[in-house]
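Residues per chain, in single letters:
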Protein chains: 2
Amino acid sequence: MARHGLDGLIGTTPENVQYLCALESGQFLLNRYKAQVFALVAAGRTDRPVVVTTVNDVSAVFQQCPPQTCAIYYGRFVRYVNPAVELTAHELLVKRHVVDDAGRNPPDAFNGLLAGLEAAGLIRGRVGYDERAFDHSHLPALTEKLPHLRLVPAWDIIREVRAVKTAEEVRRLSASVALTERGIQAAVAIAKTGCTEEDLAREFRTEVSRGGGYAIFEGITFSRRAAVGDLPIRDGILREGDLIRFDIGCKVDGYCSDIARLFAYKGGLDPRIHAIYAAMKAGEEAGMAIMKPGTTARMVFEETCRAVREAGVSDYRRTHVGHAIGLEMYEIPLLAETDDTPLEVGMVFEIETPYYELGLTGIQLEDTVVVQPDGVEMLTRSSRDIGHIG
Amino acid sequence: MARHGLDGLIGTTPENVQYLCALESGQFLLNRYKAQVFALVAAGRTDRPVVVTTVNDVSAVFQQCPPQTCAIYYGRFVRYVNPAVELTAHELLVKRHVVDDAGRNPPDAFNGLLAGLEAAGLIRGRVGYDERAFDHSHLPALTEKLPHLRLVPAWDIIREVRAVKTAEEVRRLSASVALTERGIQAAVAIAKTGCTEEDLAREFRTEVSRGGGYAIFEGITFSRRAAVGDLPIRDGILREGDLIRFDIGCKVDGYCSDIARLFAYKGGLDPRIHAIYAAMKAGEEAGMAIMKPGTTARMVFEETCRAVREAGVSDYRRTHVGHAIGLEMYEIPLLAETDDTPLEVGMVFEIETPYYELGLTGIQLEDTVVVQPDGVEMLTRSSRDIGHIG
């Protein structure tokens, strides 16, 4: 953040709070738009976050945040204490913050944030905040209380900081991809004539749940329906000779996956589909082949499209051929003509070459790769050819 | 909205868009904070929504929105057309909006919104918008382009509109409760000494997935851990004599559930737990008994707390004893001292009496009820006593 001239950052989305201090607050589940949780870091001290959240979150902070985290709890919550037993360290911590400090904690999120800014040493200077998910009604009062603080929108900067993943993030992304692949296999295993797209989606979701993840995106479409766009009502019925398109993902420990695979159900695919698929695969592979530190997102886009055209789909056009992925499905950089960001070691991308033809089908391959010093390592492990069922 | 002096509303959160026009846009899944989908309704014409979304959503609008919906699609997306076959009505619709109109669609969300306001007849007057989830950068240009339009924050007004549920909403809420109850039973069925809270959570999530829902909140805690607050890391290990607390919910067709139940694992609960539970149940029942049109949320709160105190927990204090539920977990009214809203037929509430004692456990009962002309109908069907396992 120093290169952006910022003295600190305030994260307020579930993803930015998790990124900056590891907390997954239950407040976001219960009250998505009223939840006010702030993760603050000062430049040069990102390993010592300050978290501001409600007194309900004492245990979650205890379980998840680094031990050197400074926590400010606001608001009130009624908990009683059993006088007849010795409390554990965890219970004593909850007692201290919720019961003993009940009169001392800041009464509300705004006052919590003020205390947090002070604790983080951010009562002056330029501090970036998530302008897309910040209660803007706080701004005038913050300016009044902290006249030397300049709050600047930093949504894009936090995204930029998040673009290069740590080893632990890559491990989670890899686990997320593996679970999505397992979910696809489970869905494929139950495919039979007459079943619906929804049947396969439920099987995918069930397998992902069993494996400890959450299904977040369940694009499963049959044959011509695969060309028309997202279908929230998955009532397509499987017939012999259908193509099954999966464009699908889950979350594991907060990290997303988003991959695409095709399967031919009981043979008989239009030969054009195989020819187009071969071109899409050639494009994806050509794009991957040039991905390394220093190559720009735009170069990957251009090379991918060029190779698809050369491989036979001569009028291939796309707005992008992939995107970074992490705590969110679409992160930056975007593999597009509009993005000149140079790739860096540790960036994780989806690379994809979708082709949608109304009256034919949707043909797509999408893989997850991590940028390494001399190329990419693929996190997807399953076959990249059209699978055959039955 | 007329009683708030508004000529129309613009919904932009996933929940408000679904509420106003039935669309569940994939844009929210892919790009949570950049997605720009607008559902517009004019006062007196709420059955004729206008939806503004990307050209990716043509099929989703086709599947989900009422047929009289006016849809404005913005942006570009590449789809090809197979000239060798006759297109279906659905494919022709996609072709028209995505391919044929590619040069005519508004280029971006802002211009889409302008076209949408015009289509909805909302280029002048007072129009409410979701100030918590609206791209504020649009405001100056909107004011410039539409000088007779006054945009006013209407977050709370849309929530107020959503408080009284339709029959279809009650049906979905009821299905959501039923699936959560089924998930609890599945989790209970695998409980055995040595298993973890996470094992039960996965079983819950798996069963909910199998039943067509999504687990959204998985509070499962054992014995003393049930008193300390939300635990995102569910590593508690089940022992004989433990209490298992479920405070848990899922989503079905967009609608949330959130109920609480207790189970004694292989007997031996502290007799105090039974005594306190009896008081909590008495309180919940007393609160439910007075719920009917005209009773205020505050009256329900006071009666519930009074009855708990009378039943033996003489110092019982809470900030609320429940909340409305719908597309979100916490909706309004809140059953609290601070809320004087009179109950209306069709409001759906969670009513709950939690008691957390550090060094003892968390004791809680939470049920879902819908307000009817002469009282409440309970949507939860499972036993409201402490269950026994093993």
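Residues numbered from 1 in each chain as written. Chains lettered and ligands numbered in written order. Predicted model: local features only at pLDDT ≥ 70, side-chain atom pairs only at ≥ 80, totals over all residues. Heavy atoms only, no water.

### Here we look at the interface of chain A and chain B
Contact with chain A, which involves 71 residues of that partner, is made by 71 residues of chain B. For the chain A and chain B pair, buried surface summed over both sides reaches about 6,600 Å², with 52% attributable to carbon and sulfur atoms. Of all residues in chain A, Y33, Y80 and L358 of chain A give up the largest surface area on contact with chain B, accounting jointly for 15% of the area buried on that side. The tally of links between chain A and chain B comes to two salt bridges. (Contact = heavy atoms within 4.5 Å. Buried area = accessible area lost by both parts, 1.4 Å probe. Salt bridge = Lys/Arg side-chain N within 4 Å of Asp/Glu carboxyl O.)

### So, the packing of helix 10 (residues 271-290) of chain A against helix 11 (residues 297-310) of chain A
All names here are of chain A. Relative to each other, helix 10 and helix 11 sit at 150°, their axes nearing to 7 Å. In terms of orientation, helix 10 lies roughly antiparallel with respect to helix 11. Regarding helix 10 and helix 11, the two cross each other, and that crossing is right-handed. Within the contact between the two elements, helix 10 uses A279, M280, A282, G283, E284, A286, G287 and I290 and helix 11 uses M299, V300, E303, T304, A307 and V308. Partitioning the contact of helix 10 with helix 11 into residue classes produces nine nonpolar, three polar and two charged. (Axes fitted to C-alpha atoms, helices over the stretch in contact; angles between N-to-C directions. Helix = DSSP H or I, 4+ residues; strand = E, 2+ residues; numbered from the N terminus. Parallel < 35°, antiparallel > 145°, perpendicular 65-115°, else oblique. Left-handed = near helix turned anticlockwise from the far one by under 90°. Nonpolar A, V, L, I, M, F, W, Y, C, P; charged D, E, K, R; others polar.)

### A word on helix 1 (residues 14-21) of chain B
Residues and elements named next belong to chain B. Of all eight residues in helix 1, six are buried, a share of seventy percent or more. For helix 1, the full list of buried residues reads E15, N16, V17, Q18, L20 and C21. Just past helix 1, the residue A22 takes up positive phi, approximately 80°. (Buried < 20%, exposed > 50% of the residue type's maximum accessible area, 1.4 Å probe, protein only.)

### Notes on the relation of the copies chain A and chain B
Turning chain A through 180° and shifting it by 0.0 Å along the axis lays it on chain B, with an RMSD of 0.0 Å. Seen this way, the second copy is the image of the first under a two-fold rotation axis. Relative to the rotation axis, the C-alpha of T206 of chain A is the closest in chain A, positioned 2.4 Å from it. Both copies share a contact surface, since 100% of the interface residues of chain A are interface residues in chain B too. (Least-squares fit on C-alpha atoms with pLDDT ≥ 70 in both.)

### Brief notes about helix 10 of chain A
Residue and element names in this part refer to chain A. In this model, helix 10 (20 residues) spans 30 Å end to end at C-alpha, consistent with the 28 Å of a helix rising 1.5 Å per residue. Along helix 10, the residues that are buried comprise I273, I276, Y277, A279, M280, K281, G283, E284, A286, G287 and M288. Near the N-terminus of helix 10, the side chain that reaches the backbone nitrogen of R272, with its oxygen 2.8 Å away, is that of D270. (Expected span 1.5 Å × (residues − 1). Polar contact = N/O pair within 3.5 Å; in protein donor to acceptor, adjacent residues only side chain to side chain.)

### Things to note about the sheet that holds strand 16 (residues 361-363) of chain A
Across the sheet, three strands lie side by side as 16(A)-15(A)-5(B); this open sheet has mixed pairing. A single partner strand is all that each edge strand has here, and the edge strands are strand 16 of chain A together with strand 5 (80-81) of chain B. Where strand 15 (residues 355-358) of chain A lies against strand 16 of chain A, three bridges are found, and the strand directions are antiparallel. In the sheet register, E357 of chain A faces strand 16 of chain A, and the bridge partner there is T361 of chain A. The sheet strands contacting helix 10 of chain A are strand 15 and strand 16 of chain A, and the helix crosses strand 16 of chain A at an angle near 30°. (Pairing = 2+ DSSP bridges.)

### So, the packing of helix 1 (residues 14-21) of chain A against helix 7 (residues 155-163) of chain A
Residues and elements named next belong to chain A. One can describe the packing of helix 1 onto helix 7 by two numbers: an axis separation of 11 Å at closest approach and a directional angle of 50°. Classified by the angle their axes make, helix 1 and helix 7 are oblique. Our pair here, helix 1 against helix 7, has a crossing hand that is left-handed. Contacts between helix 1 and helix 7 involve E15, N16 and Y19 from the former and W155, I158, V161 and R162 from the latter. Per-class residue counts for the contact of helix 1 with helix 7 are four nonpolar, one polar and two charged.

### Looking at the pairing of strand 15 of chain A
Residues Y355 and E357 of chain A line one face of strand 15 of chain A and the alternating positions Y356 and L358 of chain A line the opposite face, and both faces are buried. Between strand 15 of chain A and the antiparallel strand that follows it, strand 16 of chain A, lie two residues; G359 of chain A among them carries a positive phi value of about 90°. Alignment of strand 15 of chain A against strand 5 of chain B, held across two bridges, turns out to be parallel. Bridge pairing links E357 of chain A to Y80 of chain B in strand 5 of chain B.

### As for the packing of aromatic side chains
All names here are of chain A. Under the criterion given, the structure shown has twelve aromatic pairs over all chains. One aromatic cluster in this structure is built from F38, Y129 and F134. In this structure, R32 is placed above the aromatic ring of Y33, and the distance from its NZ or CZ to the ring centre is 5.9 Å. (Phe/Tyr/Trp six-rings, centres within 6.5 Å; stacked < 30°, edge-to-face > 60°. Lys NZ or Arg CZ within 6 Å of the ring centre and 35° of its normal.)

### Quick notes on the sheet that holds strand 15 (residues 355-358) of chain B
Pairing is mixed across the open sheet formed by three strands, whose spatial order is 5(A)-15(B)-16(B). The open sheet terminates on both sides in strands that have one partner only, identified here as strand 5 (80-81) of chain A together with strand 16 (361-363) of chain B.

### Quick word on the confidence of the model for chain A
The share of residues in chain A with pLDDT of 70 or more is 100%, and the mean pLDDT across the chain is 96. Across the assembled chains, the prediction reports ipTM 0.96 with pTM 0.96. (pLDDT = per-residue confidence, 0-100.)

### Concerning the pairing of strand 3 (residues 50-54) of chain A
Residues and elements named next belong to chain A. The buried count for strand 3 comes to five of five residues, which makes it a mostly enclosed element. Where strand 2 (residues 38-42) lies against strand 3, three bridges are found, and the strand directions are antiparallel. Note on strand 3: the bridge partner recorded for F38 is V52.

### Here we look at unusual backbone geometry
Going from I332 of chain A to P333 of chain A, the amide bond is cis rather than trans, its omega being 0°. Along the chain, P333 of chain A falls in strand 13 (residues 331-336). Phi angles above zero are rare outside glycine, and S223 of chain B is one such case at about 45°. In this structure, S223 of chain B sits in the loop between strand 8 (214-222) and strand 9 (243-252). Look at S223 of chain B and you get buried, because its relative accessible area is 17%. Phi at K266 of chain B takes a positive value of approximately 55°, unusual for a residue other than glycine. If you trace the backbone, K266 of chain B turns up in the loop between strand 11 (259-265) and helix 10 (271-290). K266 of chain B sits in the partly exposed class, given a relative accessible area of 40%.

### Some remarks on the pattern of salt bridges
All names here are of chain A. All told, the structure shown has 60 salt bridges over all chains when counted by the stated rule. The salt bridge partner of D101 is R104, with a shortest N-O separation of 2.7 Å. Residue R104 is classed as exposed on the basis of its relative accessible area of 63%. With a closest N to O distance of 3.0 Å, E198 and R202 form a salt bridge. Within this pair, E198 and its partner R202 are both found in helix 9 (residues 197-210), separated by four residues, close to a single helical turn. Here R202 falls in the partly exposed class, since its relative accessible area comes to 30%. A network of salt bridges, in which partner residues are shared, links R159, R162, K165, E328 and E331.

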